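Residues per chain, in single letters:
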Amino acid sequence: KQGNPDSQYWLGENLFLDGQQKEGFKWTSKAAENGSKDAQYNVAIMYKKGQGVEEDQVLSYLWFSIAARNGHNNAQKYINDFNSKLPKDVLDEMTTYVENSIKKNPKYINK
């Protein structure tokens, strides 16, 4: 509750693995918003697969992009997969969305 992303991440992870997917998503999201690249990656997976949250490919792309910028190696693989399947105009819109989201929430990116 005090904003420690490592604690939020592990709480979310344990809740998720215990079958409490919605509550796990809640805490993993908090960790992601506080800059945890592992949580950002997991949130992206959760959005991609609709685990603990409604499936949302746009938000999945956003969180994979943020995790990749923070150095999460596996996130870039998903970004490359999205990029190979998206038409250029959609990809441009997604890139703009990511940039605007990061500008509004600079704490997402680790310095």
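Structural data are supplied above this passage.
First, a word on what this report is: a plain description of the structure on this page. None of the values given here were measured: they were computed from a predicted structure.

Comments concerning the pattern of salt bridges
Part 1 of the argument: Applying the stated criterion across every chain yields a total of four salt bridges.
Part 2 of the argument: Taking the shortest distance from any N to any O, the salt bridge between Lys 85 and Asp 81 comes out at 3.3 Å. Of this pair, Lys 85 and Asp 81 both sit in helix H5 (residues 73–85), four residues apart, which is roughly one turn of the helix.
Part 3 of the argument: Overall, Lys 85 belongs to the exposed group, its relative accessible area being 62%.

Overview of the packing of helix H3 (residues 37–49) against H5
Part 1 of the argument: For the pair H3 and H5, interaxial distance at closest approach is 10 Å and the crossing angle is 40°. Of the two elements, H3 crosses H5, and the hand of that crossing is left-handed. Within the contact between the two elements, H3 uses Tyr 41, Ile 45 and Lys 48 and H5 uses Asn 74, Ala 75, Tyr 78 and Phe 82.
Part 2 of the argument: When grouped by side-chain class, the residues that make up the contact of H3 with H5 number five nonpolar, one polar and one charged.

Some remarks on the side chain of Ser 101
Part 1 of the argument: Following the sequence through the fold, Ser 101 ends up in helix H6 (residues 88–104).
Part 2 of the argument: Judged by relative accessible area, which is 10%, Ser 101 ranks as buried.
Part 3 of the argument: Beyond its immediate chain neighbours, meaning those up to four positions away, Ser 101 contacts Leu 62 and Tyr 108.

Focus on the nonpolar core
Part 1 of the argument: Formed by 28 residues in total, the largest nonpolar core has its most connected members in Tyr 41, Val 43, Tyr 61, Trp 63, Phe 64, Ile 66 and Ala 75.
Part 2 of the argument: Elements represented by at least two residues in this core include exactly helix H1 (5–17), helix H2 (21–33), H3, helix H4 (57–69), H5 and H6.
Part 3 of the argument: Once residues within four sequence positions are removed from consideration, Tyr 61 is found in contact with Ile 79, Phe 82, Asn 83, Leu 86, Leu 91, Met 94, Thr 95 and Val 98.

Notes on H1
Part 1 of the argument: Compared with an ideal rise of 1.5 Å per residue, which puts 13 residues at 18 Å, H1 spans 18 Å between its outermost C-alpha atoms and is within 8% of the ideal.
Part 2 of the argument: Buried within H1 are the following residues: Gln 8, Tyr 9, Gly 12, Leu 15 and Phe 16. Within H1, the buried residues cover an arc of 140° as seen down the axis, which keeps them to one side. In H1, the exposed positions angled more than 90 degrees off the buried face are occupied by Asp 6, Trp 10 and Leu 17.

As for the side chain of Ser 65
Part 1 of the argument: Take Ser 65: it is sitting in helix H4.
Part 2 of the argument: Classification of Ser 65 as buried rests on a relative accessible area of 9%.
Part 3 of the argument: Excluding anything up to four places from it in sequence, Ser 65 contacts Ile 79 and Val 98.

Some details on the packing of H4 against H5
Part 1 of the argument: Between H4 and H5, the shortest axis-to-axis distance is 8 Å and the interhelical angle comes to 135°. Relative to H5, the element H4 lies oblique. The two elements H4 and H5 cross, and the hand of that crossing is left-handed. Contacts from Gln 57, Ser 60, Tyr 61, Phe 64, Ser 65, Ala 67 and Ala 68 in H4 reach Ala 75, Gln 76, Tyr 78, Ile 79, Phe 82 and Asn 83 in H5.
Part 2 of the argument: Considered class by class, the residues forming the contact of H4 with H5 number eight nonpolar, five polar and no charged.

Rules of the game
Residues numbered from 1 in each chain as written. Predicted model: local features only at pLDDT ≥ 70, side-chain atom pairs only at ≥ 80, totals over all residues. Heavy atoms only, no water. Salt bridge = Lys/Arg side-chain N within 4 Å of Asp/Glu carboxyl O. Helix = DSSP H or I, 4+ residues; strand = E, 2+ residues; numbered from the N terminus. Buried < 20%, exposed > 50% of the residue type's maximum accessible area, 1.4 Å probe, protein only. Axes fitted to C-alpha atoms, helices over the stretch in contact; angles between N-to-C directions. Left-handed = near helix turned anticlockwise from the far one by under 90°. Contact = heavy atoms within 4.5 Å. Nonpolar A, V, L, I, M, F, W, Y, C, P; charged D, E, K, R; others polar. Core = buried A, V, L, I, M, F, W, Y, C linked by side-chain atoms within 4.5 Å. Expected span 1.5 Å × (residues − 1). Arc of directions from axis to C-beta. Parallel < 35°, antiparallel > 145°, perpendicular 65-115°, else oblique.

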